[in-house]
Amino acid sequence: MKSKRLKPRRMVVLGFLCVILLGTVLLMLPAASATDRGISFVDSLFTSTSAVCVTGLVSVDAGTSFSLFGQVVLAALIQIGGLGITSIGVIVILSAGGRFGIGKQRLIKESLNLSSGKGLTAVVRAVLYVTVAFELLGAVCSYISFSKDFSTGDAIGVSLFHSIAAFNNAGFDVLGNFQSLTGYHSDVWLCLVTSGLIIFGGLGFFVISEMVSGKSPRRWSLQTKVVLSTTLILLAGGTVLLKFTEGSSFTWLDAFFQSVSARTAGFASVEIGAMSKAGLLVLMVLMFIGASPGSTGGGVKTTTIFVLFQKARSVIFNKHCTVFKRKIPEAVVMKAFTVFAMAVGVIIFSTFLVCVLEPEFTFQQIFFEIISGYATTGLSTGITPSLCGASKIIISITMFVGRLGPLTIATIWLNRDAPAVTYSEEDVTIG
């Protein structure tokens with residue numbers, strides 16, 4: 001019985017691994033390459049991991065290195081990674097008229113990070129409908145800008161790819177030469193459309209469902225209130241700080257777009273490597289925090305930071321840890337602390353390894369790249385293509401751990417309950 005309880009978590013992890021490996025094989029095929037050289041195993045593995053983990057870091061240029069087939073594979077990997085392996089499986093089973101037993105229901109609940117198993121089929125359908133609706137609308141809106149620079153057929157393809165990448169918070173682009181959206185930094189329409197896709201993709205499917213359910217905001221769940229309030233604070237604060245640190249080199253549109261994109265999307269409308277140290281620090285903080293639970297984004301999540309902040313405030317002022325007239329359970333606080341601590345540990349360890357392997361790059365460049373990988377963001381100072389094979393594999397593992405969560409990875413083989421008997425307590429001085 002004990003081994004079966006955690007089996008769904010193992011299946012989710014193995015599912016992601018299988019898709020990454022399949023993507024690696026497909027990207028290594030001659031048909032996936034736009035050149036005669038083909039894509040090496042390490043670069044294919046890195047790109048596949050980045051796509052499935054909806055990151056956007058690239059070691060080869062997606063626009064010039066991959067053929068149409070390769071770009072279609074990339075878009076499919078991004079879509080699978082954003083929706084989740086289990087969600088894709090559920091959609092296939094539903095389409096075939098299949099049903100779900102208790103085991104499959106637990107697997108869906110685990111992969112979607114749900115606290116309840118009620119209405120799982122309806123939840124998955126809602127996820128699919130929300131995704132398709134946003135991506136189609138985003139593609140239509142993006143076409144207005146891309147049609148100015150591409151033929152009709154190419155503009156449709158670029159718009160679809162861009163919309164899928166933006167809503168799934170994966171900063172891939174097929175514009176070529178690692179330019180991301182720097183050529184469109186003054187295109188207000190495209191920047192706002194992309195920002196909208198990123199924001200909604202990062203809110204989480206269930207927050208979006210509650211927002212459009214017709215319920216009064218006063219009746220929204222604590223989860224929705226926390227996600228929306230934290231998101232607004234981070235967007236506004238990030239915009240102001242980036243404008244302050246970059247000065248005249250950033251317009252308010254640049255500052256807003258990068259504040260949005262740093263929350264695990266990874267699109268760049270400016271040259272990231274040319275930003276000030278203070279500006280890069282702001283981006284790193286935003287990347288580390290990331291998006292919200294149940295979304296297509298990564299990071300430690302907005303709710304984690306919110307809970308830790310509220311707990312610190314309650315300790316300082318000697319009050320209960322409450323918000324919006326609700327008390328936050330201690331178990332939630334402990335989980336938030338654990339997620340935060342494990343994320344810091346993974347980032348420090350990965351940074352150390354890459355620093356040893358890449359002495360020619362500065363600590364700032366490597367640290368930025370590792371945080372971007374862990375938070376599945378995709379922003380880069382431009383060093384990723386120049387990294388050695390071992391460093392690319394380390395960052396690939398970091399992306400994988402960041403996408404699934406270090407807590408999930410650490411507990412997939414745990415098969416025992418907490419012991420019923422423990423030792424007596426004794427205080428330890430803190431601070």
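Residues numbered from 1 in each chain as written. Predicted model: local features only at pLDDT ≥ 70, side-chain atom pairs only at ≥ 80, totals over all residues. Heavy atoms only, no water.

Below, the discussion takes up the environment of Thr64. Relative to the helices and strands, Thr64 resides in helix H4 (residues 62-65). Residue classification places Thr64 among the partly exposed residues on the basis of a relative accessible area of 41%. Separated by 110 residues in sequence, Thr64 and Val174 have C-alpha atoms that sit 7.6 Å apart. Ignoring sequence-local partners within four residues, the contact set of Thr64 consists of Ala34, Thr35, Gly176 and Asn177. Within the structure, the side chain of Thr64 is placed 2.7 Å from the side chain of Asp61, a separation counted as a polar contact. (Helix = DSSP H or I, 4+ residues; strand = E, 2+ residues; numbered from the N terminus. Buried < 20%, exposed > 50% of the residue type's maximum accessible area, 1.4 Å probe, protein only. Contact = heavy atoms within 4.5 Å. Polar contact = N/O pair within 3.5 Å; in protein donor to acceptor, adjacent residues only side chain to side chain.)

The final tally for this structure, using the stated rule, is three salt bridges. A salt bridge links Glu210 to Lys215, with the nearest nitrogen and oxygen atoms 2.8 Å apart. Among the residues examined, Lys215 registers a relative accessible area of 32% and is labelled partly exposed. (Salt bridge = Lys/Arg side-chain N within 4 Å of Asp/Glu carboxyl O.)

At Asn169, a residue that is not glycine, the phi angle is positive and equals roughly 55 degrees. By secondary structure assignment, the location of Asn169 is in the loop between helix H9 (152-167) and helix H10 (188-203). The backbone of Thr264 shows a phi angle near 80 degrees, a positive value even though the residue is not glycine. With respect to the element layout, Thr264 can be found in the loop between helix H13 (252-261) and helix H14 (277-289).

As a further point, take the packing of helix H3 (residues 41-52) against helix H18 (residues 389-404). For the pair H3 and H18, interaxial distance at closest approach is 9 Å and the crossing angle is 20 degrees. Taken together, the axis directions place H3 and H18 in an arrangement best described as roughly parallel. Here H3 runs over H18; the crossing is left-handed. Across the interface between the two elements, Val42, Asp43, Phe46, Thr49, Ser50 and Val52 from H3 touch Gly389, Lys392, Ile395, Ser396, Met399, Phe400 and Arg403 from H18. Among the residues making up the contact of H3 with H18, the classes are represented as six nonpolar, four polar and three charged. (Axes fitted to C-alpha atoms, helices over the stretch in contact; angles between N-to-C directions. Parallel < 35°, antiparallel > 145°, perpendicular 65-115°, else oblique. Left-handed = near helix turned anticlockwise from the far one by under 90°. Nonpolar A, V, L, I, M, F, W, Y, C, P; charged D, E, K, R; others polar.)

Close contact between H14 and helix H17 (residues 363-374) brings their axes to 9 Å; oriented N to C, the two are set at 25 degrees. As the angle between them shows, H14 and H17 are arranged roughly parallel. Handedness of the crossing formed by H14 with H17: left-handed. Within the contact between the two elements, H14 uses Lys277, Leu280, Leu283, Met284, Met287 and Phe288 and H17 uses Gln364, Phe367, Phe368, Ile371 and Ser372. Classifying every residue of the contact of H14 with H17 gives eight nonpolar, two polar and one charged.

Here the second largest pocket is characterised by a volume of approximately 450 Å³. Along the wall of the second largest pocket there are 26 residues; nearest its centre are Phe178, Gln179, Ser180, Ala268 and Ser380. Here the lining of the second largest pocket is built from residues that sort into 10 nonpolar, 13 polar and three charged. (1 Å grid on protein atoms, 1.4 Å probe; cavity = no way out; pocket = protein on both sides within 12 Å on 5 of 7 lines; lining within 4 Å. Points joined across faces, edges and corners; volume = space filled by probe spheres on them.)

Turning to the packing of aromatic side chains, a few remarks are in order. Evaluated as defined, the whole model comprises six aromatic pairs. Pairing Phe146 with Phe150 gives two aromatic rings, centres 6.3 Å apart and planes at 70 degrees, and the pair type is edge-to-face. With relative accessibility at 0%, the residue Phe146 sits in the buried group. With 5.5 Å between their ring centres and 90 degrees between their planes, Phe288 and Phe340 make a pair best called edge-to-face. With a gap of 52 residues between them, Phe288 in helix H14 and Phe340 in helix H16 (residues 330-357) connect regions that are remote in the sequence. (Phe/Tyr/Trp six-rings, centres within 6.5 Å; stacked < 30°, edge-to-face > 60°.)

This brings us to empty space enclosed by the protein. The gaps left among the atoms become clear once a water-sized probe is rolled over them. For the coordinates displayed, the defined rule picks out two cavities of 30 Å³ or more. Estimated volume of the largest cavity: approximately 70 Å³. Taken together, the elements giving at least two residues each to the lining of the largest cavity come down to H10 and helix H12 (222-246). Looking at the lining of the largest cavity element by element, the count peaks at three residues for H10. Taken together, the residues of the lining of the largest cavity break down into five nonpolar, three polar and one charged. By volume, the second largest cavity is sized at about 40 Å³. The greatest single-element share of the lining of the second largest cavity, amounting to three residues, is contributed by H9. Across the lining of the second largest cavity, the residue classes break down as six nonpolar, one polar and one charged.

A word on helix H15 (residues 302-316). For H15, which comprises 15 residues, the first-to-last C-alpha distance of 21 Å matches the rise-based estimate of 21 Å (1.5 Å per residue) to within 8%. When we look at burial in H15, the residues that qualify are Thr302, Thr303, Thr304, Phe306, Val307, Gln310 and Ser314. In this structure, the buried residues of H15 make contact with H12, H14, strand E1 (322-323) and H16. (Expected span 1.5 Å × (residues − 1).)

The next thing to look at is the nonpolar core. Grouped together as the largest cluster of nonpolar side chains are 100 residues, with contacts concentrated most on Ile272 and Leu283. Non-local contacts of Leu283, meaning those with residues more than four positions away in its chain, are made with Leu242, Gln258, Ala262, Ile272, Met275, Phe368 and Leu379. Residues Val226, Phe306, Cys321 and Ile328 belong to the second largest nonpolar core, which totals eight residues. (Core = buried A, V, L, I, M, F, W, Y, C linked by side-chain atoms within 4.5 Å.)

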